Amino acid sequence: MLSERVQFHKLAHFSELDGESVSLAGTVGEVRIMERSVRIRLETENGGVHAYFEEHPGLAVGDEIGLSGDFRTLKGPRNPGEFDFRSHFHRRDVWGNVYKPSLTGFQPASGLGISSFVSSVRRGMSDLFRQKVGGDAGALMSALIVGLREEIPEEIRQDFADTGVIHVLAVSGLHVGYVLLIILAVVKIARLPYRWQKWAVIACLVLYAILTGGKPSVWRATLMASLYLLAKIVQRDANLWNIIATAAVTLLLIDPRYLFDLGFQLSFAAVISIVFFYRYFEESLPERLRPAGMENPLLKGVSGLLLVSLSAQIGTLPFIWTFFGKIPLIGVVANILIVPLVGVVVSIGFAILFLGWIPLVGVALGHSAWLLSETIFALAKGFAAVPFASIQAGQPQPVQLLQLAAVMATVVMFMRRVLWRRAALAAAVVANMFIWPWAMKRKVMDVIFLDVGQGDGAVVRIPTERGVKTVLV
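The following refers to the structure shown. (Residues numbered from 1 in each chain as written. Predicted model: local features only at pLDDT ≥ 70, side-chain atom pairs only at ≥ 80, totals over all residues. Heavy atoms only, no water.)

## Description of the overall build of the protein
Of regular secondary structure, the protein possesses 15 helices and ten strands. Rg of the C-alpha trace for the protein: 25 Å, near the compact-globule value of 23 Å for 473 residues, within the 12% margin. Each principal axis of the C-alpha atoms in the protein carries an extent, and together these give about 70 × 65 × 45 Å. Across the 473 residues that make up the protein, the buried fraction comes to 41%. Here the analysis covers contacts within the protein between residues at least 6 apart in sequence; of these, 65% occur between residues at least 24 apart. The positive charge centre, built from 44 side chains, and the negative charge centre, built from 36, are 11 Å apart in the protein. (Helix = DSSP H or I, 4+ residues; strand = E, 2+ residues; numbered from the N terminus. Rg over C-alpha atoms; globule rule 2.2 N^0.38 Å. Buried < 20%, exposed > 50% of the residue type's maximum accessible area, 1.4 Å probe, protein only. Contact = heavy atoms within 4.5 Å. Lys, Arg positive; Asp, Glu negative; His and termini not counted. Charge placed at Lys NZ, Arg CZ, Asp CG, Glu CD.)

Laid out in structure tokens, this is it:
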């Protein structure tokens, strides 16, 4: 209740400033280079605001500043299916935007706090990638390793979204997994004692999570990997379901608002789906098609990656449909080709961090990263151009999500002969779920007035004897 009252007072305070010229003072909490501007997060005594500069103002995290400009509160969705940026940023304690800002005061950060240190390290790594790799490839490496994906052009991000591989641009379990493999290789080379190896890996993973900005998806993967390693240290069998539950409860105890974070939802939906469906699919396949029984390493790797990709897509599909209004159909195939390449780019990125200072080695690694990154861009663009690579499905209704879940459950049950009777019953239930909403649908005219800026726009749905006619005014 206290949290709700605090948020109410913050909302009331900033609502009074909407449309006014304001003067604010506070601490710089974040500096992000966007595609067309530089966004500064200012932490004031009443909450956070975003200030957008046309050019980099030369500020760093921890600086004490004053600024003036035009203040606007965050607007909620104004058309059906739009993403609710207001709720998204309110959960992050951001309450408005300052446009045309000008600095009225400046006091550099005193000392070197954790936030300013992490920010300077992230920016230094990003600058190194831009220097050694350059262009969009350097921006991709910054996104993959330190989580700064705002520098990637919108066109490339859209290709990744249409292809169903947008998840590789957000540091998550995939990237933590690659980092885990790299750290394990390093500690083995160092010949540390067994338990010291595990503690060293846990410490490195925690540092990496902090370095990437501490997103819920990163902490989920870090907690799960750390809990698994702790089980090895105390010589206990690790139960994946217990590890997943412990990681989720821990994050929600730290901040219950994580429950509404898209990264949290997608991350846990993907890992739960992989743990459940991968084993189910493998047991349902004929013996010769199971990855575990294949002798050819290439076929074994491709088939295993295919099952992992398919399993993850099943769990994340409802969330992708809800938040992005589209259903990617080609994502399963695209992930098989793009995800391994992303792993190689991540490995080269860490090699650049440690070996990039060597002239010839740094140049060779930079060119290799550029070539692989351009290959990834070409694959994403090619997959996105395939007809029906993704279906624009609009914002789903709750009954549609229920229908989707029922269809997927029915298809999965049909894969096991012992479940055919249950699958037949489920198919009958699914048929009713589609028939009854259609039969009971009221035949009324539906008018939706759209916010199109300086103009008028309305979508009119008119029931006729030949079906529903749609008119755009």
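## Side note on the packing of helix H11 (residues 297-324) against helix H12 (residues 331-355)
The contact between H11 and H12 brings their axes to 9 Å, and the two run at 125 degrees. As summarised for this structure, H11 and H12 are arranged oblique, according to the angle between their axes. The hand of the H11/H12 crossing is right-handed. Contacts between H11 and H12 involve Val-302, Leu-305, Leu-306, Ser-309, Leu-310 and Gln-313 from the former and Gly-331, Val-332, Asn-335, Ile-336 and Pro-340 from the latter. (Axes fitted to C-alpha atoms, helices over the stretch in contact; angles between N-to-C directions. Parallel < 35°, antiparallel > 145°, perpendicular 65-115°, else oblique. Left-handed = near helix turned anticlockwise from the far one by under 90°.)

## Some points on the sheet that holds strand S8 (residues 446-449)
Read across the open sheet, the three strands follow the order S8-S9-S10; overall the sheet is antiparallel. For this open sheet the edge positions go to S8 and strand S10 (467-472), each flanked by a neighbour on one side alone. Looking at each pair of strands side by side, their axes are set apart by 15 degrees on average, direction ignored. Of the pairings in the sheet, the one linking strand S9 (residues 458-464) to S10 comprises six bridges and is antiparallel in character. Residue pairing in the sheet places Pro-463 in a bridge with Val-468 of S10. (Pairing = 2+ DSSP bridges.)

## Overview of the nonpolar core
Met-141, Ile-145, Phe-160 and Ile-376 are the most contacted members of the largest nonpolar core, which totals 54 residues. Residue assignment for this core shows that the elements contributing at least two residues are helix H3 (114-132), helix H4 (135-146), helix H5 (154-163), helix H6 (173-189), helix H7 (194-211), helix H8 (216-233), H12 and helix H13 (359-385). A per-element tally of this core places H12 first, with ten residues. Ranked by size, the runner-up nonpolar core spans 17 residues in total, among them Leu-24, Val-31, Val-38 and Leu-42. (Core = buried A, V, L, I, M, F, W, Y, C linked by side-chain atoms within 4.5 Å.)

## A few points about the pattern of salt bridges
In this structure the tally under the stated criterion is twelve salt bridges. Among the ionic pairs, Arg-92 bridges to Asp-261, the shortest N-O distance being 2.2 Å. Taken together, the positions of Arg-92 in the loop between helix H2 (85-90) and strand S5 (94-107) and Asp-261 in the loop between helix H9 (240-254) and helix H10 (262-284) put the pair 169 residues apart, joining distant regions of the chain. According to the relative accessible area criterion, Asp-261 is buried, its value standing at 8%. Taking the shortest distance from any N to any O, the salt bridge between Asp-255 and Arg-257 comes out at 3.2 Å. Take Asp-255: its relative accessible area is 17%, and that puts it in the buried class. Put simply, Glu-30, Arg-32 and Arg-39 are held in one network by salt bridges that share partners. (Salt bridge = Lys/Arg side-chain N within 4 Å of Asp/Glu carboxyl O.)

## Let's talk about the sheet that holds strand S2 (residues 38-44)
Around the barrel, which closes on itself, the five strands sit in the order S1-S2-S3-S5-S4 with mixed pairing between neighbours. Recorded for the sheet is a direction-independent mean angle of 55 degrees between the axes of neighbouring strands. Relative to S5, strand S3 (residues 47-53) runs parallel, the two sharing three bridges. If you follow Gly-48 over to S5, its bridge partner there is Val-94.

## Section: the packing of aromatic side chains
Counting across every chain of the model gives ten aromatic pairs. Seen in terms of ring centroids, Phe-14 and Phe-71 are 5.7 Å apart; in terms of plane orientation they differ by 25 degrees. Their pairing is stacked. In this pair, Phe-14 is assigned in helix H1 (residues 2-15) and Phe-71 in strand S4 (residues 64-73), connecting sequence segments 57 residues apart. We note that Phe-14, like Phe-71, is buried. Grouped by ring-pair contacts, the aromatic residues Phe-276, Phe-277, Tyr-280 and Phe-281 constitute a single cluster. (Phe/Tyr/Trp six-rings, centres within 6.5 Å; stacked < 30°, edge-to-face > 60°.)

## Quick notes on the pairing of S2
Counting buried residues along S2, six of its seven residues qualify, which places the element largely inside the surrounding structure. With six bridges connecting them, strand S1 (residues 21-33) and S2 associate as antiparallel partners. Across the sheet, the residue bridging to Arg-32 is Arg-39, located in S2. Joining the antiparallel neighbours S1 and S2 is a turn of four residues.

## Things to note about unusual backbone geometry
Despite not being glycine, Asp-93 shows a phi value in the positive range, around 60 degrees. When you line up the elements, Asp-93 lands in the loop between H2 and S5. With a phi angle near 50 degrees, Lys-100 is a residue other than glycine that sits in the positive phi range. One can find Lys-100 in strand S5.

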